[in-house]
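Observations on chain architecture
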Amino acid sequence: MADLFDGIVMAEQRFHGEGYQEGLAEGSHAGMDEGRRHGALHGARMGSEIGCYLGFALTWHCLLQKCTDPKNSKKLRALDSLIGMIQKFPYEDPTYDKLQEDLEKIRGKFKQVYSVFS
């Protein structure tokens, strides 16, 4: 009789352990998928934003180089600074610890450059 109850108690513990392991594996897999989608979405947004800034800067840089007006030198220096910051941005390293800080600096520089053109 004791063996019968031991089997029932042990089965409950075994099923609990198996269920835990299956849930852990499934949750880890789902978490990785969700993390990958989240990272791709935010990475694409960041890339689009920086690409917009770079397109703005390169276009104006090209247009201003053709002008001989000495007033454009300040604008060109500001554009060169923005372009340099964007070119140094570590696109390939998502583990870079100052990623957000550098992105904020680029945003600030873009606002500064944009105000020179307004």
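What comes next concerns the included structure. (Residues numbered from 1 in each chain as written. Predicted model: local features only at pLDDT ≥ 70, side-chain atom pairs only at ≥ 80, totals over all residues. Heavy atoms only, no water.)

Notes on the environment of K66
By the secondary structure assignment, K66 is in the loop between α1 (2-65) and α2 (72-88). The exposure class assigned to K66 is exposed, which follows from its relative accessible area of 65%. Along the sequence, K66 and G43 sit 23 residues apart, while their C-alpha atoms lie 35 Å from each other. (Helix = DSSP H or I, 4+ residues; strand = E, 2+ residues; numbered from the N terminus. Buried < 20%, exposed > 50% of the residue type's maximum accessible area, 1.4 Å probe, protein only.)

Description of the pattern of salt bridges
A full pass over the atoms with the stated rule returns four salt bridges. For E49, the salt bridge identified is with R107, shortest N-O distance 2.5 Å. Of this pair, E49 sits in helix α1 while R107 sits in helix α3 (residues 99-117); the two residues are 58 residues apart in sequence, bridging distant segments of the chain. Of the charged contacts, one joins R107 and E104 as a salt bridge, the two residues approaching to 2.5 Å between their closest N and O atoms. Of this pair, R107 and E104 both sit in helix α3, three residues apart, which is roughly one turn of the helix. A relative accessible area of 23% places R107 in the partly exposed class. (Salt bridge = Lys/Arg side-chain N within 4 Å of Asp/Glu carboxyl O.)

Comments concerning the layout of surface pockets
Reported here for the largest pocket is a volume of approximately 230 Å³. Forming the walls of the largest pocket are 13 residues, and the residues nearest its centre are G43, M46, Y91, P94 and L99. Elements with a minimum of two residues in the lining of the largest pocket: α1 and α3. With six residues, α1 is the single largest residue contributor to the lining of the largest pocket. (1 Å grid on protein atoms, 1.4 Å probe; cavity = no way out; pocket = protein on both sides within 12 Å on 5 of 7 lines; lining within 4 Å. Points joined across faces, edges and corners; volume = space filled by probe spheres on them.)

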